[in-house]
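Descriptive structure summary
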Amino acid sequence: MMLDVRGVRKSFEGREVLSGIDLGVEKGDVIAILGPSGSGKTTFLRCLNYLERADAGELTFDGERFDLHAANRADIARLRKKTAFVFQNYNLFLNKTVLQNVTLGLTVGARMKKAEARDIAVAALERVGMANRLDSYPGQLSGGQQQRVAIARGLASSPEIIYFDEPTSALDPELIGEVLSVMRQLADEGMTMLVVTHEMDFARNVSSKVLFMEGGSVIEAGPSREFFENPKQPRSREFIRTILEARQ
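Bear in mind the structure is a predicted one, so any value in this text is a computation, not a measurement. (Residues numbered from 1 in each chain as written. Predicted model: local features only at pLDDT ≥ 70, side-chain atom pairs only at ≥ 80, totals over all residues. Heavy atoms only, no water.)

Quick look at the environment of Pro-234
The line we're drawing: Here a strand is any run of E in DSSP of at least two residues, a helix any run of H or I of at least four, and the numbering for each starts at the N terminus.
Structurally, Pro-234 can be placed in helix α9 (residues 234-247). Along the primary structure Pro-234 and Arg-6 are separated by 228 residues, whereas in three dimensions their C-alpha atoms are 25 Å apart.

As structure tokens, then:
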């Protein structure tokens, strides 16, 4: 197993938002994390990459164990070298070009030579269809293009797993497809991904597994097709029925 997560707990101001979440991830899995707003999905994802410090829990990555509450800076840095995180709102530097946004982590974080970093960045941007905008600034791009640059930035670090936090939620409807297309391509290439999403077609047709959360707990987890075609829990059935009714 590539990633094994056990007992993740997190509270904010005395209110428990994660009540002991477990998750196992195999190499090549694409796991859609679903649930209503406020269910703890984003907090869970952020805890896995130490963007939030969990109150309890442990994570085993490639056989190495990390304490999600007590890990030190060196542990966190070592884990993050294996991962990438794609945010809802892109998190690009507005005063830097597309190329600079992608190379910055390589030259500063990984201390890579500029020429090598440029080659890697261009290759990553080609994968997401943005190699023709190297000298553009984020303000000159659509939201979908900015998100594709953010994905390229993640790919440039050669992660073993990419975390996506609602990557299409800030996009206009007509721009969602271009980002989902890139994510589908990555899935086809075997990239391991955890995706917090409200895009049910992606969850059903691209993801291999579903983790359905509500109230900080896992209600149901399993293969995506099984979840959508034969959900086991009443709350899962209600969730899917509500989605289908909203489309009619």
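That shown, we press on.
Focus on the sheet that holds strand β5 (residues 64-67)
Heads up, the rule is: In short, DSSP must find at least two bridges between two strands for them to pair. Every angle, taken between N-to-C directions, lies between 0 and 180 degrees, and every axis is a line fitted to C-alpha atoms, over only the stretch in contact when it is a helix. Contact definition: two residues touch when any of their heavy atoms are within 4.5 Å.
In spatial order, the strands read β2-β1-β4-β5; together these four strands make up an open sheet with antiparallel pairing. Looking along the sheet, the strands with just one partner apiece sit at the ends: β2 (15-25) and β5. Within the sheet, the average angular offset between the axes of one strand and its neighbour, ignoring direction, is 20°. Where strand β4 (residues 56-61) meets β5, four bridges bridge the pair, whose relative direction is antiparallel. Across the sheet, residue Thr-60 finds its bridge partner in β5, namely Arg-65. Of the strands in this sheet, β1 (3-12), β2 and β4 are in contact with helix α1 (residues 41-48), which crosses β1 at around 120°. Each of β4 and β5 touches helix α2 (residues 73-80); the most contacted strand, β5, lies at about 125° to it.

Comments concerning the pattern of salt bridges
Note that side chains of opposite charge can pair when their charged atoms are close. Condition: Just to be clear on terms, a salt bridge is a Lys or Arg side-chain nitrogen sitting within 4 Å of an Asp or Glu carboxyl oxygen. Only protein chains enter the accessibility calculation, which uses a 1.4 Å probe; a residue whose area is less than 20% of its type maximum is buried, one above 50% is exposed, and one in between is partly exposed.
Scanning all chains against the criterion turns up 16 salt bridges. Notably, a salt bridge pairs Lys-82 with Glu-160, separated by 3.8 Å at the nearest N-O pair. Taken together, the residues span a long stretch of sequence, with Lys-82 in the loop between α2 and β6 (83-86) and Glu-160 in the loop between α5 (143-156) and β7 (161-165) at a distance of 78 residues. Taking the relative accessible area as the measure of exposure, Glu-160 reaches 29% and is therefore partly exposed. Notably, a salt bridge pairs Glu-238 with Arg-235, separated by 3.9 Å at the nearest N-O pair. In this pair, Glu-238 and Arg-235 both sit in helix α9, three residues apart, roughly one turn of the helix. Glu-238 sits in the partly exposed class, given a relative accessible area of 36%. Judged by its relative accessible area of 22%, Arg-235 falls in the partly exposed class. Overlapping salt bridges, with partners in common, bring together Asp-4, Arg-6 and Asp-22 in one network.

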